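So the chains spell out like this:
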2 protein chains.
Amino acid sequence: MLRLVIIFNAEINVDHILEELLKLNDDPRVHGVYLHLPPAALTNRVLNSLKPEKDDSLEGKTVLLVGGESPFRLVLQCLIERRGMVTAKSHWDSKSLEREVRCPHNGIQLTEHRYIFLHRAVGSLVLSSLHSLFSFIVRQNVVRSCTRWLQEQQYKPWRLRSLKLQPLTPVPSDLQISRAQTAKPVNHLAEEIGLLPEELEVYGRSKAKVRLSLLERLNSQPDGKYVLVAGVTPTPLGEGKSTVTIGLVQALSAHLNLNSFACLRQPSQGPTFGIKGGAAGGGYAQVIPMEEFNLHLTGDIHAITAANNLVAAAIDARMLHEATQSDKALFSRLVPSVNGVRRFSPIQISRLRRLGIIKSDPSSLSPEEVNSFVRLDLDPEKITWHRVVDTNDRFLRKITIGQASTEKGLTRETGFDIAVASEIMAILALADSMEDMKSRLGRMVVGTSRSGTPVTAEDLGVSGALAVLMKDAIKPTLMQTLEGTPVFVHAGPFANIAHGNSSVLADKLALKLVGEDGFVVTEAGFGADIGMEKFFNIKCRASGLRPNAVVLVATIRALKMHGGGPSVSAGAPLPTEYISENLNLVSGGCQSNLKKQIQNAQQFGVPVVVAINVFRTDTPAEIDLVCQLAKECGAFDAVPCHHWMQGGRGAVELAQAVKEATSKPSYFQFLYDLQMPIVEKIRTIAKRIYGADDIDVSAEAQRKIDYYHEQGYSTLPICMAKTHLSLSHLPERKGAPTGFVLPIRDVRASVGAGFIYPLVGTMSTMPGLPTRACFYDIDIDPITEEISGLF
Amino acid sequence: MLRLVIIFNAEINVDHILEELLKLNDDPRVHGVYLHLPPAALTNRVLNSLKPEKDDSLEGKTVLLVGGESPFRLVLQCLIERRGMVTAKSHWDSKSLEREVRCPHNGIQLTEHRYIFLHRAVGSLVLSSLHSLFSFIVRQNVVRSCTRWLQEQQYKPWRLRSLKLQPLTPVPSDLQISRAQTAKPVNHLAEEIGLLPEELEVYGRSKAKVRLSLLERLNSQPDGKYVLVAGVTPTPLGEGKSTVTIGLVQALSAHLNLNSFACLRQPSQGPTFGIKGGAAGGGYAQVIPMEEFNLHLTGDIHAITAANNLVAAAIDARMLHEATQSDKALFSRLVPSVNGVRRFSPIQISRLRRLGIIKSDPSSLSPEEVNSFVRLDLDPEKITWHRVVDTNDRFLRKITIGQASTEKGLTRETGFDIAVASEIMAILALADSMEDMKSRLGRMVVGTSRSGTPVTAEDLGVSGALAVLMKDAIKPTLMQTLEGTPVFVHAGPFANIAHGNSSVLADKLALKLVGEDGFVVTEAGFGADIGMEKFFNIKCRASGLRPNAVVLVATIRALKMHGGGPSVSAGAPLPTEYISENLNLVSGGCQSNLKKQIQNAQQFGVPVVVAINVFRTDTPAEIDLVCQLAKECGAFDAVPCHHWMQGGRGAVELAQAVKEATSKPSYFQFLYDLQMPIVEKIRTIAKRIYGADDIDVSAEAQRKIDYYHEQGYSTLPICMAKTHLSLSHLPERKGAPTGFVLPIRDVRASVGAGFIYPLVGTMSTMPGLPTRACFYDIDIDPITEEISGLF
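Treat the numbers as computed from the prediction; the structure is a model and nothing was measured.

Colleague: Teacher, can you tell me more about the side chain of Thr765 of chain B here?
Modeller: Residues and elements named next belong to chain B. When you line up the elements, Thr765 lands in the loop between strand E29 (755-759) and strand E30 (779-780). Thr765 gets classed as buried once you look at its relative accessible area, which sits at 17%. A polar contact of 2.7 Å, which involves the side chain of Thr765, links it to the side chain of Asp417.

Spelled out as structure tokens, the structure:
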């Protein structure tokens, strides 16, 4: 007569457990199962999961308790008190468990080897192995089985099977390369890197979301090395940071046999159909399948769009309702009588608290309190919230809404941005838990009341709904490179009005998964003066993570441009300087922009490896010169990379340099203290990172800064919205400009995301479609379902 | 020395096959594998999938061919001709195969039992069982193994494990009921109903998309019975068609042990946060998890939004580009020189053909031809295409776009609809293959040129991109009811400006899966005069499917209203007539609206079962009266249903009646012939279904009808946009009104979806948010991830 006792509290995902229990039903060796669930869950689940003959009672029996963590104490304690059976022990590890089972004390007694209490607070970690645990019990070896089970919950070494590449010459199109490779089923990949099946939510065959419970399971596991890929100031053509990122992890994992993870941004779908094509890397350094990467992926950007636009709809509907109803009517609608009872919802209680009204009975509010509760009194001129679409739709840049007669003349001018420009995208990238995301969503400021008070998403009553819409988006998406190494794709905020980095959560999950000796390679948008600076000062501040090395991507092309070469523009053929050897120009670029960007990284105390993304036209002398000068300028190392043509094999030298650099101690420090005044923080970035003499703050900007200071936002970090084409604010000034004063035209705040963003120039937040957009060539074969025209 | 030979053509999904091949690599019993792929696929896939020592050559060897279907002939023939090995036999079945292997003829020879050719044209059906096939080969029993393998590809009887329900009294909230039940993992459900693993694309644990290749695998399998759930003319509160649909399949499968499938519409996410709450059924007849059903699901509506808005962006961008560029500039941008070569893309060739220009060299076009090619010359006043969002955003009903200076003054008035009102949603619901969907998308008319020519999505060059965006949305989503029976959720077009039915493809897949003796229950929006009429005349015409029975849902409440009861409105308490017995009102409703709707179904030759959706306040006498009168009015049967309180057990009587009704022959016929003039088709519906004396066509409507006739659209079916609250056009006229003339205010066309829609009244295509929207109560617990406030 062997029995299992299973207790869970409300926090456990019962689905997975019951799935396992159904098997116990059919197992002739199990004679009874006692299941303890919180009252709310004691319903059909229980009835469906246990055959009557297996249903068991514990009255008056003595049991062994195995497991237990602090948030779980309460439930356990309740059970014990009600049943009067045993005393709980809430903290334990395998060693002490073994001791206690051998020599019972502390009220825990093992009398018959008949009952096992299995309980755990959060997640669904227990039951995947319940059945195998049971087998051990059958063999009367409780202790060893528990120890084994415990081990299964711990970090698992990788058993990565890399995919072989046989690169072709000339290099085919990105889509051809992607399609010619066979991606591993994503659940196989997940298993290879030590994810438990219950931590995975597969989306088709090649994508899966990873649950955040992983962070808890591997809580005690030391992080791997954290590597940022940044770049010199780029030409308008881009210098290949994404391909370097992917090539580097392909080299680390598939060629050096080191655990590594790339963390990438999810691209906007709009440009895919406009002028850009794909963003999954390129050549033999890609994420596959590239069409999945470039299209809907797992719907995160769609969720952001839905959440963003719900806020917008709530704003305008609220203004209409406030304009057309009395305080009393608004109040009776906002707090309706349901079956004769009027009650504030929790989100309304929060608003009352912010208004300083400490009441919970709706009828007790004074008319003045009702007035301040029901009226957000939004100033239509001061609504900063825009709608978004994930389409390049330039005609939505500036629009007038509310022109139907049903909206009673309440028209106003507003606009749509591309979805990735939504503050919600920046929040997704910076949140470190569901709780954190939810509270950031609630704090988002959508506009100002006529009396000058900021109005938040929580004031609109919409913050819970936003968190519900974003509940899946918060989980990073697992994909793989061409060589079968793992990649997280998660979040992709703008790099000017936001911080341009992939998510904190993806990095955190990856750092646990790669293990102590592994590497997480993450990418920052734009040049190092923008992406890297924000990575350090905003993202690392939010996450608490500390980088071990920076890879600074440079191309001979960009260096020549900074050394005085003619201007480079998209669509136009490259001037001859860029396709034939010119050591002078290369040297000039190294001594100016490359040197300054290396120094920028060094200001944060992080070692720099320069990665030269080699093009076919680069000469050995040019490459050697960059390597030599980069080291003279302070780089830890500088190496050429050939990943675009060769895949990971072409980035082995870089991988070795990165491994070496990260083995040295890093002395990371922030550039500025959050307590500094806003203007001083801006000035620090402008002078120390951009090389400006000073900043020039416009009257409008100063007025905003004063307002943000009043509102208590002055301790937020700074997110500069500056051109990425120059270290200065003038795109045409290449190299490392000096003698300029950085104009601060305006200042805005993303309070939910948690930064203030000074505008140095005009930022376009909605791209357009060219005359011949990419969509002319994009097609799908209806029979084979093969896509063409993405690149 | 045992060897496998595997040949595939380009149409096969190589991913799944290679996955299986990797296992063969490690199987010591396999000494060689010969893989034949089309040249384009002969790349790293091959190199990665085969160890060099397993790589094999067939030169000069004799082989056995197993399998082969017509589209595959070409590849096979090529191989044979090149290799000179064997002759192909393309058609076969297991019987003839057995014969041929025993007694080789026709050029097929089996000499050594060493080689097996496995080939198949489409899909990925082969390889899941390749390995097990191999085991049979090892046992030298080729014929039996092939036969067995063949059987595995055929229809599989269901082994459905239903979930038990123990309904509580009083009935808890929908969300509580949904959460208290443990859904089966969707891959288990899929296996139970005979889906192959490779036909499933799992999205998390509770949802999966089903691949259309299933239709081909089960091509020869007879369809099950096809049952439509429609309703009497409803009160504004709705009469429970969805819960009847779900209750009925729960009864059929979980209680009568008959295979059944419910096919439901996907609800718009907008109303979930507005006034409506969920749409997953209710009480103990629900789809679970209801929060997944009600939120993003598998992203289909998001894909529609993206596709719809890409068309809109392309329209306005094109008008801007045409307004600001000469013919020559447009032509050189639309047909650019790439590496010195100018070439039309396939989509541009299509446009040239439609313009009657049979040329393929861009330089050969005359200036007039260039002009007509490059200029769509859209009339801004006649653009019918709207943008969409899946949010209740009333301020977008009428807007002015293009007000930023970058758009050069090309402002125009337009609007946003809710996403499900997009024509693309109607197309998704009516398409019967990827090819059909793609061609419908291309045919969509977005507006008219200044010279009066319709301009299509294909003219914009965007149709291939739209199909790419919709490539996953075309696959129906599998979920389950509270009792663990299968449900397809797919498409949800408006029931006024579109046809309001779930997808043709979901119905088709379900009819194959349930098998000959099974049931597919699908639902039509609004009352039977609208939803059912459109189901028959539009959906059944598009699909070629023929219904076996109609379930007509009635409530005592609605019947009393039609019998002369006081008006019923949302939010207001129900008048006493509705909560106490009143046989007179019930009788009046039966003799009017119920009778007319029964007759409406009978005009199509389909038997009707009346299902009384019983409320707590209904009396036995009232229910008996409806049963009696319904049968007198021509219903095949009439039964009360208690699924809301009892789940499937409460709908067993209905299930038995439906089983009985579908066992009778059905004499289905359309109401009108497509060749009739548009006006006559409208008149037929108005007189025969609504009971109107005649129709009154406005001048504007007549002008449009003439125009559509000219453009060749006059053979499209009719999709009436009429109120659902009365059989007439006047919502307040209940019962079965007579003596009215139906006004046809305007007529529009959805050419891609394939219907003409006359407007009888004003249709709102964008709902608003109430003062206290649902979102006030919607929240998520950040720790447990439990959602609250959906209902």
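Colleague: Please explain the packing of aromatic side chains as it appears in this structure.
Modeller: What characterises a pair of aromatic rings is the spacing of the ring centres plus the angle enclosed by the ring planes. Within this structure, the stated rule accounts for 32 aromatic pairs over all chains. An angle of 50 degrees between the planes, with centres 5.6 Å apart, marks the rings of Tyr226 of chain A and Phe535 of chain A as tilted. Of this pair, Tyr226 of chain A sits in strand E7 (residues 225-231) while Phe535 of chain A sits in helix H20 (residues 528-543), and the two are 309 residues apart along the sequence. For the pair Tyr226 of chain A and Phe535 of chain A, one class covers both residues: buried. An aromatic cluster is defined as three or more aromatic residues linked by ring pairs; in this entry it consists of Tyr226, Phe535, Phe536, Phe604, Phe668 and Phe670 of chain A. Note that Arg541 of chain B overlies the ring of Phe670 of chain B, its terminal NZ or CZ placed 4.2 Å from the centroid.

Colleague: For this particular structure, what's the right way to read the environment of Glu577 of chain A?
Modeller: Residue and element names in this part refer to chain A. Looking at where Glu577 falls in the secondary structure, it is placed in the loop between helix H21 (556-562) and helix H22 (583-603). In the structure, Glu577 is positioned 17 residues away from Lys560 in sequence and 7.9 Å away in space, judged by C-alpha atoms. If we skip the residues at most four places from it in the chain, Glu577 touches Lys560, Pro566, Asn582 and Leu585.

Colleague: What's the story with the interface of chain A and chain B in this structure? I'm lost.
Modeller: Interfaces are often sized by the amount of accessible area the parts lose when they come together. Facing 109 residues of chain A, the contacting portion of chain B comprises 109 residues. Together, the buried faces of chain A and chain B total about 9,700 Å²; carbon and sulfur atoms form 59% of this surface. If you look at where chain A meets chain B, you find ten salt bridges. Asp779 of chain B is the partner of Lys438 of chain A in a salt bridge, and the nearest nitrogen-oxygen pair spans 2.8 Å. Our enumeration of links across chain A and chain B arrives at 43 residue pairs in polar contact (both at pLDDT 80 or more). Top contributing element to the side of chain A that touches chain B by residue count: helix H12 (residues 300-324) of chain A, with twelve residues. Along the lines of polarity and charge, the residues of the side of chain A that touches chain B split into 51 nonpolar, 27 polar and 31 charged.

Colleague: Even after reading the chapter, I still don't get the pattern of salt bridges, so can you show me in this structure?
Modeller: Any two side chains of opposite charge can pair, so long as their charged atoms come close to each other. Evaluation of the coordinates by the stated rule reveals 84 salt bridges over all chains. As a salt-bridge pair, Asp432 of chain A and Lys508 of chain A come within 3.8 Å of each other at their nearest N and O atoms. With a gap of 76 residues between them, Asp432 of chain A in the loop between helix H16 (423-430) and helix H17 (434-443) and Lys508 of chain A in helix H19 (residues 504-514) connect regions that are remote in the sequence. For Asp432 of chain A, a relative accessible area of 27% gives the class partly exposed. Of the charged contacts in the structure, one is a salt bridge between Asp223 of chain B and Lys512 of chain B, with a shortest N-O distance of 3.1 Å. With Asp223 of chain B in the loop between helix H9 (213-217) and strand E7 (225-231) and Lys512 of chain B in helix H19 (residues 504-514), this residue pair connects regions lying 289 residues apart in the sequence. One salt-bridge network, in which partners are shared between bridges, spans Glu201, Arg211, Lys471, Asp472 and Lys475 of chain A together with Lys207 and Glu292 of chain B.

Colleague: Even after reading the chapter, I still don't get the pairing of strand E20 (residues 477-481) of chain B, so can you show me in this structure?
Modeller: All names here are of chain B. Burial of E20 is extensive: five of the five residues sit out of reach of the surface. Here strand E6 (residues 207-210) runs beside E20; their pairing, made up of two bridges, is antiparallel. Bridging across to E20, Ala208 finds its partner in Leu478. Of the pairings in the sheet, the one linking E20 to strand E21 (residues 486-489) comprises four bridges and is antiparallel in character. Directly across from Gln480, in E21, lies its bridge partner Pro486.

Colleague: Is there a simple way to explain helix H23 (residues 620-632) of chain B in this structure?
Modeller: Helical geometry: 3.6 residues make up each α-helical turn, so side chains three or four residues apart lie on a common side. Residues and elements named next belong to chain B. Across its 13 residues, H23 extends 18 Å between first and last C-alpha, which sits within 8% of the 18 Å expected from 1.5 Å per residue. Within the span of H23, buried status applies to Glu622, Ile623, Leu625, Val626, Cys627, Leu629 and Ala630. Just downstream of H23, Gly634 is the residue with a positive phi angle, here 115 degrees.

Colleague: What should I look at first to understand the pairing of strand E10 (residues 285-288) of chain B in this one?
Modeller: Residues and elements named next belong to chain B. Across the two faces of E10 the burial is the same, with Ala285 and Val287 and Gln286 and Ile288 all buried. Taking the residues between adjacent antiparallel strands as the criterion, strand E9 (residues 281-282) and E10 are bridged by two residues, where Gly283 takes a positive phi near 60 degrees. Pairing between E10 and E20: two bridges, direction antiparallel. Each residue of the ladder has a partner; that of Ile288, found in E20, is Gln480.

Colleague: Sorry, what's going on with H22 of chain A here?
Modeller: Residues and elements named next belong to chain A. With 21 residues, H22 should reach 30 Å at 1.5 Å per residue; the first-to-last C-alpha distance of 28 Å fits that figure. The largest bend along H22 measures about 35 degrees and falls at Cys590. Directly beyond the C-terminal end of H22, a positive phi value near 80 degrees is found at Gly605.

Colleague: Mind showing me how you'd approach the side chain of Thr477 of chain A here?
Modeller: Residue and element names in this part refer to chain A. Following the sequence through the fold, Thr477 ends up in strand E20 (residues 477-481). For Thr477, the side chain forms a polar contact with the side chain of Lys209, separated by 3.5 Å. Look past the residues within four positions of Thr477 in its chain and what remains in contact with it is Lys207, Ala208, Lys209, Leu297, Thr298, Asp300, Val487, Phe488 and Val489.

Colleague: Sorry, what's going on with the relation of the copies chain A and chain B here?
Modeller: Between the two copies of the chain lies a relationship made up of a rotation around an axis and a movement along it. If you rotate chain A by 180 degrees and push it 0.0 Å along the axis, it lands on chain B with an RMSD of 0.0 Å. On this basis, the relationship between the two copies can be described by a two-fold rotation axis. Taking C-alpha positions as reference, the residue of chain A nearest the rotation axis is Tyr203 of chain A, located at 2.2 Å. Interface overlap between copies is the fraction of interface residues in one copy that are interface residues in the other; for chain A against chain B it reaches 100%, indicating a shared surface.

Colleague: Explain the sheet that holds strand E18 (residues 445-449) of chain B to me, please; I cannot follow it from the model alone.
Modeller: Residues and elements named next belong to chain B. Judged by pairing direction, the sheet is antiparallel, and its three strands sit side by side in the order E13-E18-E19 without closing on themselves. Edge positions in the open sheet fall to strand E13 (378-383) and strand E19 (454-456), since each of these has one partner strand only. Strand-to-strand, the axes of this sheet are offset by a mean angle of 50 degrees, without reference to chain direction. Sheet topology note: the E13/E18 ladder contains two bridges and is antiparallel. Its bridge partner lying in E18, Ile383 is registered against Gly447.

Reading the values: rules and limits
- Residues numbered from 1 in each chain as written.
- Chains lettered and ligands numbered in written order.
- Predicted model: local features only at pLDDT ≥ 70, side-chain atom pairs only at ≥ 80, totals over all residues.
- Heavy atoms only, no water.
- Helix = DSSP H or I, 4+ residues; strand = E, 2+ residues; numbered from the N terminus.
- Buried < 20%, exposed > 50% of the residue type's maximum accessible area, 1.4 Å probe, protein only.
- Polar contact = N/O pair within 3.5 Å; in protein donor to acceptor, adjacent residues only side chain to side chain.
- Phe/Tyr/Trp six-rings, centres within 6.5 Å; stacked < 30°, edge-to-face > 60°.
- Lys NZ or Arg CZ within 6 Å of the ring centre and 35° of its normal.
- Contact = heavy atoms within 4.5 Å.
- Buried area = accessible area lost by both parts, 1.4 Å probe.
- Salt bridge = Lys/Arg side-chain N within 4 Å of Asp/Glu carboxyl O.
- Nonpolar A, V, L, I, M, F, W, Y, C, P; charged D, E, K, R; others polar.
- Pairing = 2+ DSSP bridges.
- Expected span 1.5 Å × (residues − 1).
- Bend = angle between axes of the 7 residues up to and from the residue.
- Least-squares fit on C-alpha atoms with pLDDT ≥ 70 in both.
- Axes fitted to C-alpha atoms, helices over the stretch in contact; angles between N-to-C directions.

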